[in-house]
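Next come the chains, spelled out residue by residue.
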Amino acid sequence: MLHDAALVGAILVVGGAIYLAIFFWVTVQRVNELGPPKPPPEQH
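Below you will find a few notes about this structure. (Residues numbered from 1 in each chain as written. Predicted model: local features only at pLDDT ≥ 70, side-chain atom pairs only at ≥ 80, totals over all residues. Heavy atoms only, no water.)

**Observations regarding the overall build of the protein chain**
The test is simple: Strands are runs of DSSP state E lasting at least two residues, helices are runs of H or I lasting at least four, and both sets are numbered from the N terminus onward. Throughout this description, buried means an accessible area under 20% of the type-specific maximum (1.4 Å probe, protein chains only), exposed means over 50%, and partly exposed covers the range between. Computed with a 1.4 Å probe, the accessible areas rest on the Shrake-Rupley method; for each residue, only the protein chains presented here act as cover.
Along its length, the protein chain carries one helix and zero strands. Across its three principal directions, the C-alpha atoms of the protein chain cover 70 × 20 × 5 Å. Residue burial in the protein chain is summarised as follows: out of 44 residues, 0% are buried. Working note: accessible area of the protein chain is about 4,600 Å², and carbon and sulfur atoms make up 73% of it.

**Description of helix H1 (residues 4-34)**
The line we're drawing: A helix is expected to reach a length of 1.5 Å times the quantity of its residues less one.
If you check H1, its first and last C-alpha atoms are 45 Å apart, about what 31 residues at 1.5 Å a residue would give, namely 45 Å. Just downstream of H1, Gly35 is the residue with a positive phi angle, here 80 degrees.

**Brief notes about the environment of Val13**
Following the sequence through the fold, Val13 ends up in helix H1. As for Val13 and Glu42, which are separated by 29 residues in sequence, their C-alpha atoms are 48 Å apart.

Everything listed here is a matter of coordinates, which is why it stays silent on function.
Laid out in structure tokens, this is it:
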């Protein structure tokens, strides 16, 4: 049987991994929607 501290630690690690996965997935989706960055306008 796991100790309570080990159980809480495991839950925090798994929760953090899920949070990061969702965060990076949303970030990638936003970047894909925006497309590549536009070049800066040329100054004449």
